[in-house]
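Commentary on secondary and tertiary structure
Each chain is listed here by its residues.
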Amino acid sequence: MKLHDTGVYLVNGVPQTSAPAGVTEADAKKGTIAYGILKAHNTGDSMQDLRMKFDSMTSHDITYVGIIQTARASGMTEFPLPYVMTNCHNSLCAVGGTINEDDHQFALSAAHKYGGIYVPPNMAVIHSYNREMMSGCGRMILGSDSHTRYGALGTMAVGEGGGELAKQLVGRTYDMSYPGVVAIYLTGKPAPGVGPHDVALALVAATYANGYVKNKVMEFVGPGVANLSADYRNGIDVMTTETTCWSSIWQTDDTTKEYFVQHGRPEAYKELKPADVAYYDGCIELDLSTVECMIALPMHPSYAYPIRELKANAKEILQAAQDRANRQLGGKVEMDLIGKICDDGRIYVDQGVVAGCSGGTYENICAVADIIKGKSCGNGEFKFSVYPDSMPTYLELVKNGAVADIVSAGGIFRECFCGPCFGAGDTPANGEFSIRHTTRNFPNREGSKPGEGQISAVALMDARSIAATAANGGYLTAASELTDVEYTVPDYHFEQGVYDKRVYNGWGHPEPDYALKFGPNIKDWPEQPALTDDLLVKIVSYITDPVTTTDELIPSGETSSFRSNPLRLAEFTLSRKDPAYVPNAKAVKALDEQRKAGELPAEVARVYDDLKKLGYAPDAANTNIGSAIFANKPGDGSAREQAASCQRVLGGAANFACEYATKRYRSNCINWGMLPFLVENPGALDNGDYVYLPGVRKALLEAADELDAVAVKPDGGLVKFTVKLGAMTDAERRILADGCLINYYKNH
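What counts and how
Residues numbered from 1 in each chain as written. Predicted model: local features only at pLDDT ≥ 70, side-chain atom pairs only at ≥ 80, totals over all residues. Heavy atoms only, no water. Helix = DSSP H or I, 4+ residues; strand = E, 2+ residues; numbered from the N terminus. Buried < 20%, exposed > 50% of the residue type's maximum accessible area, 1.4 Å probe, protein only. Contact = heavy atoms within 4.5 Å. Areas by Shrake-Rupley, 256 points an atom, 1.4 Å probe, with all protein chains shown as cover. Salt bridge = Lys/Arg side-chain N within 4 Å of Asp/Glu carboxyl O. Pairing = 2+ DSSP bridges. Axes fitted to C-alpha atoms, helices over the stretch in contact; angles between N-to-C directions. Core = buried A, V, L, I, M, F, W, Y, C linked by side-chain atoms within 4.5 Å. Parallel < 35°, antiparallel > 145°, perpendicular 65-115°, else oblique. Left-handed = near helix turned anticlockwise from the far one by under 90°.

Right, let's talk about the overall build of the protein for a bit. A count of helical and extended segments in the protein gives 27 helices and 32 strands. The buried share among the 748 residues of the protein stands at 64%. For the protein, long-range pairs separated by at least 24 residues make up 76% of all intrachain contacts whose partners lie at least 6 apart in sequence. When the accessible surface of the protein is split by element, carbon and sulfur atoms take 49% of a total near 25300 Å².

Printed below as a string of structure tokens:
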């Protein structure tokens, strides 16, 4: 794999570093596939400052209640574009009593009232349904899930926080500067046993840490594309999220066309390819034939190695991974990977899972069946589960015998559910090692609780190698090691009647008088204050990890049942990373309540006295008091807006960071009224410091390059420093000034 360190021109399909005679870089930038799609969806006058409207949207049952509640509070009367609401995350109705099913009933009633599309529980995972029914060449889809990626089907899809979806529901636009576009130039053909997750993990390993494609579009081109099936492309594409890119798009061909014909939507196809000359801000050349069977060790998809290399150097590599994981766990509990090395040098794993939008696809599961047919998973500790991505996929796997082959070998075949991907299904026992074809292996994402002394290790692998391991009784095995497997890939026949008989499609037919169904756990958002002239915040959590994931900011899994109850969900904020955060944030919120009641708390009065030494004269009536966190690089991972909204409902007013891991999380902070400050000198801050920001509202609205700040130490020491807010649109500045997106819509 080669990553070019300069821009690249694609000339008649061949990459070169210099421009052809008479061609300017500016003109050649218009030759990418991405440019054409973005231009078609831009409602603004400038291609440098995009103002986009999408063709459709999608959410699952962790996010849609909050989005609809936000849009309702902002004046929405019907859905202005097709809005798909799937129920693939909170499908285990026993978790949280009736809470999850109450949310599902709310969504169905909203689909009736506002004209939406409701996909019942266990019918399909969110991204599979959208691939099958909503994708189309040249379209754009916005989803409130970070893995909203349908680029392999010619659809630019974007995963964002709920606030961005609410904007579309009230007729506003998705605003951003024109992104960079990076070519992923594919050649060659994958070797037998090498699956889409292997290719994806290789790409993530090459791009995540160096930020090569961060907030950019990955555009897949080159002769190697033709050597991949649609399912294979989808499997690579969904994992582009883990590179931190903004979106993805692939050139289309007869394989893409056949996919749409197969799914009864031939009109959704059109050819997409770069112009004869197209300029890319970067280029990754990847010969698919060189990709090996991969494994991404705990606790990130980018910690990827060839399985061959791991097995040859098991003690060295696992020791390094174990040490890194335990540093990240901060001493709360110890992960043991070395203990998985057997006396004979083999590596034993305790569990294998194939699931979700990346793993549960038709061809992946057919390959699993081909590998495990006639074999046995064994009757020891090793467990093996397979989750299909949709009921049409499930039906075809029943018809062609794949389900029978897997079950006959001792595997468990389950429903269409995203649970194993975020900790709500197949949670391993303490100390176990799980290999999974899912999207992420972040800390605790599989459901363990380090704060309670429980930890398990998760590695990502392709379904083929997981099946090979299962067939070998749990001893780590790459699918490429197998020499007796014939991959059959039976023809796929999509049965749309499965959806026609169960999915409610009310698009274009809203029923305004239809009553929304509210369960007792569905609560409105608490009111949020507008930004005052000055601001005083207290640092209540100081996180020095290189990256802080959204799963650490608000855990997934058992918290999911409370996603529709903002205050109850907020009790889990940072619970696995910093259990002191919630009580400390609440204490600061109580100080602001005292201030608003006309009483200046003694602790705040002491801070104000210290500030007077520098000549400041804080006005309590015009100075909100809020909490804040410092983290080096927060927000890697999920698009779930709750990572920001939970901080906000607890009184959070700002974050301080050296950088933000993703645009998604930063957008969520803005939409929830939390100032996303950037600091160049994190040493100026510490946990327990107060930070005073004089004139913050004026500086925000006037787009000042820097803002003055003063850290007031617990001992009365004072440190002056500056902060930045980074590039923002005028609307984003107004949202922050108004206090949150809901306030902004009420005021404008």
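With that settled, the discussion passes to the pattern of salt bridges. Opposite charge on two side chains lets them pair, provided their charged atoms get close. All told, the structure shown has 29 salt bridges when counted by the stated rule. Arg440 is paired through a salt bridge with Glu242; the nearest N and O atoms lie 2.8 Å apart. With Arg440 in the loop between strand S21 (433-437) and strand S22 (457-461) and Glu242 in the loop between helix H8 (230-237) and strand S13 (247-250), the pair connects residues that are 198 residues apart, well separated along the chain. Pair check on accessibility: Arg440 and Glu242 agree, each one buried. Across the pair Lys698 and Glu702 runs a salt bridge, and its minimum N-O distance is 3.1 Å. You'll find Lys698 and Glu702 in the same group, each marked exposed. Sharing partners across several salt bridges, the network here consists of Glu25, Lys29 and Asp281.

Here we have seven strands laid out as an open sheet, ordered S17-S16-S22-S21-S18-S19-S20, and mixed in their pairing. Two strands lie at the open edges of the sheet, namely strand S17 (304-306) and strand S20 (412-413), each paired on one side alone. Pairing of S21 with S22 involves four bridges; the strand directions are parallel. In the strand pairing of S22, Ser434 is matched with Val458.

Attention shifts here to the environment of Gly360. Following the sequence through the fold, Gly360 ends up in the loop between helix H12 (356-359) and helix H13 (362-372). Taking the C-alpha atoms as reference points, Gly360 and Leu707, separated by 347 residues in sequence, lie 49 Å from one another. Each residue touching Gly360, except ones within four places of it in the same chain, is listed here: Val354, Ala355, Ile365, Tyr387, Pro388, Asp389 and Thr393.

In this section: the sheet that holds strand S11 (residues 181-187). Spatial ordering of the open sheet is given by S1-S15-S11-S12-S13, a layout of five strands whose pairing is mixed. Looking along the sheet, the strands with just one partner apiece sit at the ends: strand S1 (2-3) and S13. Pairing between strand S12 (residues 217-221) and S13: four bridges, direction parallel. Bridge pairing in S13 links Glu219 to Ile249. Those strands touched by helix H2 (residues 33-41) are S11, S12 and S13, and its axis lies near 115° from that of S13. On the sheet, helix H7 (residues 196-207) packs against S1, S11, S12 and strand S15 (282-287) and is oriented at approximately 140° with respect to S15.

A few words now on the nonpolar core. In this structure, Tyr129, Leu186, Leu297, Phe384 and Ile406 are the most contacted members of the largest nonpolar core, which totals 88 residues. Considering every element that reaches this core, the biggest residue donor is H13, with seven residues. Setting aside anything within four residues of it in sequence, one finds Tyr129 in contact with Val84, Ile117, Val119, Ala124, Met134, Tyr499 and Val503. Within the second largest apolar cluster, 57 residues are counted, among which are Leu50, Met140, Val221 and Ile522.

Our next topic: the side chain of His147. Along the polypeptide, His147 turns up in the loop between strand S8 (140-143) and strand S9 (156-159). According to the relative accessible area criterion, His147 is buried, its value standing at 4%. Aside from chain neighbours lying at most four places away, what touches His147 is His127, Val238, Thr241, Glu242, Thr439 and Arg440.

Here we come to the packing of helix H23 (residues 642-649) against helix H24 (residues 663-671). Viewed as axis vectors pointing N to C, H23 and H24 meet at an angle of 30°, and their least axial separation amounts to 8 Å. Considering their axes alone, H23 and H24 lie roughly parallel with respect to each other. Where H23 crosses over H24, the handedness of that crossing is right-handed. Here Ala643, Ala644 and Gln647 of H23 come into contact with H24, specifically with Tyr665, Asn668 and Cys669.

What you see with S9 is no split at all: Met156 and Val158 on one side and Ala157 and Gly159 on the other are buried throughout. Where S8 meets S9, four bridges bridge the pair, whose relative direction is parallel. The residue of S9 that forms the bridge with Ile141 is Ala157.

Further remarks concern unusual backbone geometry. Residue Met299 is bonded to the preceding Pro298 through a cis peptide linkage, with omega at 5°. The residue Met299 is located in the loop between strand S16 (294-296) and S17 in this model. In this structure, Asn122 is a non-glycine residue whose phi angle is positive, near 70°. Asn122 gets classed as partly exposed once you look at its relative accessible area, which sits at 25%. We note that Asn215 has phi near 60°; this positive angle belongs to a residue other than glycine.

Another aspect to go through is the side chain of His60. By secondary structure assignment, the location of His60 is in the loop between strand S5 (56-59) and helix H3 (64-73). Ignoring anything within four residues of it in the chain, the contact list for His60 reads Thr86, Cys88, His89, Ile126, Ser144 and Asp145.

Once that is clear, we can look at H3. Counted residue by residue, H3 has eight buried out of ten residues, so it is predominantly covered. Residues of H3 that are buried include every one of Tyr64, Val65, Gly66, Ile67, Ile68, Gln69, Thr70 and Ala71, and no others. Where H3 is buried, its residues meet S5, strand S6 (83-85), helix H4 (99-114), helix H6 (162-169) and helix H27 (741-747). One or two residues past the end of H3 sits Gly75, with phi positive at roughly 100°.

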